[in-house]
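Per-entry structural report
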Amino acid sequence: MANVIKLRKGLDINLVGKPKKEKIPVKGGSEIALTPESFLGVTPKIVVKEGDYVKAGDALFVNKNYPEVKFASPVSGKVSAVVRGERRKVLCVKVLKDDVQQFLDYGQKDLRTLDGPAVINALLEAGIFGFIDQLPYAVSTNPSVMPRAIFISALRDKPLAADFEYELEGNERDFQSGLTALSKIAKTYLGIGSKQSAVALTAAKDVEINIFDGPCPAGNVGVQINHIAPVNKGEVVWTVDPSAVIFIGRLFNTGKVNLCRTIAIVGSEVKNPAYADVMIGEKVSNILDGQLKADSHVRIINGNVLTGKPCTMDDVVGAHTSEITVIPEGDDVDELLGWIMPRVNDFSTNRSYFSWLQPKKAYKLDARIKGGERHMIMSGEYDKVLPMDIMGEYLVKAIIANDIDQMEALGIYEIAPEDFALAEFVDSSKLELQKIIRNGLDMLRKENA
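An account of the accompanying structure is given in this report. (Residues numbered from 1 in each chain as written. Predicted model: local features only at pLDDT ≥ 70, side-chain atom pairs only at ≥ 80, totals over all residues. Heavy atoms only, no water.)

A cluster of nonpolar side chains, contributed by L336, L337, I340 and M341, occupies part of the molecular surface with about 430 Å² of accessible area. Relative to the assigned elements, M341 resides in the loop between β19 (323–328) and α8 (381–385). Exposure remark for M341: the relative accessible area of 34% places this residue in the partly exposed category. (Patch = residues over 30% accessible without salt bridge, like charges linked within 9 Å, V, L, I, M, F, W, Y side chains within 5 Å. Areas by Shrake-Rupley, 256 points an atom, 1.4 Å probe, with all protein chains shown as cover. Salt bridge = Lys/Arg side-chain N within 4 Å of Asp/Glu carboxyl O. Helix = DSSP H or I, 4+ residues; strand = E, 2+ residues; numbered from the N terminus. Buried < 20%, exposed > 50% of the residue type's maximum accessible area, 1.4 Å probe, protein only.)

For the rest of this paragraph, the subject is helix α3 (residues 172–183). Three- or four-residue spacings in an α-helix give side chains the same orientation, since the helix completes a turn every 3.6 residues. With 12 residues, α3 extends 17 Å between its outermost C-alpha atoms, agreeing within 8% with the 16 Å of an ideal straight helix rising 1.5 Å per residue. Among the 12 residues that make up α3, nine are buried, leaving the element largely enclosed by the rest of the structure. Of all the positions in α3, only D174, F175, Q176, S177, G178, L179, T180, A181 and L182 are classed as buried. (Expected span 1.5 Å × (residues − 1).)

Applying the stated criterion to the full structure yields 20 salt bridges. Here D442 ties to R438 by a salt bridge, and the two come within 3.3 Å at their closest N and O atoms. Taken together, the residues D442 and R438, both in helix α12 (residues 433–448) and four residues apart, mark about one turn of the helix. Connected through salt bridges with shared partners, the residues R156, E167, D241 and R261 form a single ionic network.

This paragraph deals with the layout of surface pockets. Roughly 740 Å³ of internal volume is contained in the second largest pocket. D12, L155, R156, D157 and K158 are the residues nearest the centre of the second largest pocket, which is lined by 27 residues in total. Class assignment of the residues belonging to the lining of the second largest pocket gives a composition of 13 nonpolar, five polar and nine charged. (1 Å grid on protein atoms, 1.4 Å probe; cavity = no way out; pocket = protein on both sides within 12 Å on 5 of 7 lines; lining within 4 Å. Points joined across faces, edges and corners; volume = space filled by probe spheres on them. Nonpolar A, V, L, I, M, F, W, Y, C, P; charged D, E, K, R; others polar.)

Here we come to the sheet that holds strand β5 (residues 59–63). One open sheet accounts for three strands, arranged β3-β5-β6; its pairing is antiparallel. Whereas interior strands pair on both sides, the edge strands pair on one side only; in this sheet they are β3 (44–46) and β6 (66–72). The average angle at which neighbouring strand axes cross in this sheet is 35 degrees, direction not considered. Direction of pairing for β5 relative to β6: antiparallel, over a ladder of four bridges. What sits directly across from N63, in β6, is Y66. (Pairing = 2+ DSSP bridges. Axes fitted to C-alpha atoms, helices over the stretch in contact; angles between N-to-C directions.)

Turning to the environment of K370, a few remarks are in order. Relative to the helices and strands, K370 resides in the loop between β19 and α8. Residues K370 and S428 lie 58 residues apart in sequence; the distance between their C-alpha atoms is 9.8 Å. Once residues within four sequence positions are removed from consideration, K370 is found in contact with R343, D346 and K430. Within the structure, the side chain of K370 is placed 3.4 Å from the side chain of D346, a separation counted as a polar contact. (Contact = heavy atoms within 4.5 Å. Polar contact = N/O pair within 3.5 Å; in protein donor to acceptor, adjacent residues only side chain to side chain.)

The next thing to look at is the nonpolar core. If you look at the biggest cluster of nonpolar residues, it comprises 66 residues, and the most contacted ones within it are L123, F131, F175, L182, L190, L201 and F252. A total of seven residues in this core trace back to one element, the largest contributor, which is helix α6 (residues 242–254). Setting aside residues no more than four positions away along its own chain, F175 makes contact with F164, L168, L190, A200, L201, P242, V245 and I246. With 56 residues, the next largest nonpolar core counts L135, L160, A398 and L422 among its residues. (Core = buried A, V, L, I, M, F, W, Y, C linked by side-chain atoms within 4.5 Å.)

Tallied over the entire structure, the rule returns 11 aromatic pairs. Ring geometry for F61 versus F71: centroids 4.9 Å apart, planes at 20 degrees, classification stacked. In this pair, F61 is assigned in strand β5 and F71 in strand β6, connecting sequence segments 10 residues apart. The exposure classification of F61 matches that of F71, with both residues buried. Pairing Y137 with Y413 gives two aromatic rings, centres 6.4 Å apart and planes at 65 degrees, and the pair type is edge-to-face. (Phe/Tyr/Trp six-rings, centres within 6.5 Å; stacked < 30°, edge-to-face > 60°.)

Attention shifts here to unusual backbone geometry. Along the chain, L135 connects to P136 via a cis peptide bond; the corresponding omega equals 5 degrees. Locating P136 in the fold gives a position in the loop between β9 (132–135) and β10 (139–140). Residue K370 is not a glycine yet carries a positive backbone phi of 60 degrees. One non-glycine residue with positive phi stands out, namely N402, at about 60 degrees.

Further remarks concern the sheet that holds β9. An order of β1-β13-β12-β11-β14-β9-β10 is seen for the seven strands of this open sheet, with the pairing classed as mixed. Only two strands of the sheet have a single neighbouring strand rather than two, namely β1 (3–6) and β10.

Below, the discussion takes up the side chain of R250. For R250, the location among the structural elements is in helix α6. Within the local environment of R250, its side chain forms a polar contact with the backbone oxygen of C260, the two atoms lying 2.7 Å apart. Once residues lying within four places of it in the same chain are set aside, the contact partners of R250 are N171, D174, G255, K256, N258 and C260.

Here you go:
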């Protein structure tokens, strides 16, 4: 019987622009681009050159520090460009798509006959091992250290998040195969929500199922790990996005790399919020073609409204992107009397505005910070939205002070930047908490290298 874990801390933010459970057609472009930036912690080494022909599943680049970790091309075609930035940093590898796709065949495999090393070798060979992340450091993992356990969260509960149950429809067999494959490597935990009812989740095999009941961020895999089996210094656990579990299952069921996924097109500035099947690396302009209410004064976010990155129409869908979000920028707003007005249409975490009288109201929020950065206030406001057994404010202060011993003592090994997304939202000091946490993790990773 599944274990039920109830969380009380957190905050659900109800926004305008949730997706309807229907799919809209997306006219794919002639080119895709795979971005190394999507795989945190990876130093890319390009293994193709302009003009080379690749099949779907051929490696475009590898991890320089672990060359056995390859990153597969989502499509077949000719490599049209290797785009570099400052100091020759690799920004992306572009592939001009074939009209008829050609796949590298890695052969179907019977998971019953495979052990953990065989599964890892298959993922490395096919170039999708890099989709697996790890704690500590919240980066793409490598096969040099085996995990204590593997964690998957199928609960997406951030504002305007894509519903994984909808993405799962038609992919149930591949999802189960992916779970079975991962369970060969280490004990695997699947976290689901109390309101999720898909049989592929509630009756999943070869994994330990934990049900999480509570507000956002109950779906964060870091929060779930903290309540199941916290990460201690010297331990490594792997975390896998549920969409990547489907990729893994497809590989073993078909012998081919298929990186097509269902993403949500959401936000108050989208005409018809819905879902679409797109290939990783697809251009954002192709996805949002004809979907925007206005072409100016909007912020396009590659990912979730809390954790995603601002992008432009020329950017591409990231490897871990499950939503493309469009909200007002807010740079054209002229408010009469500013903060002194009743503000019934603005969201507040306290009772400063009368909007607290309408708890189910959906809000149209913009990207303004509404204030400037100031000294950190030790008010306990992080703790109200951080359902983890760590002292968030003290940890942030330790990172700012570069105090590694204090960072370790306060639990930095078990967190990811996304765990502080809500704390950043409610922070009256307007600090970029996710950036601070990322800097702290990178510093610690460098020190321990």
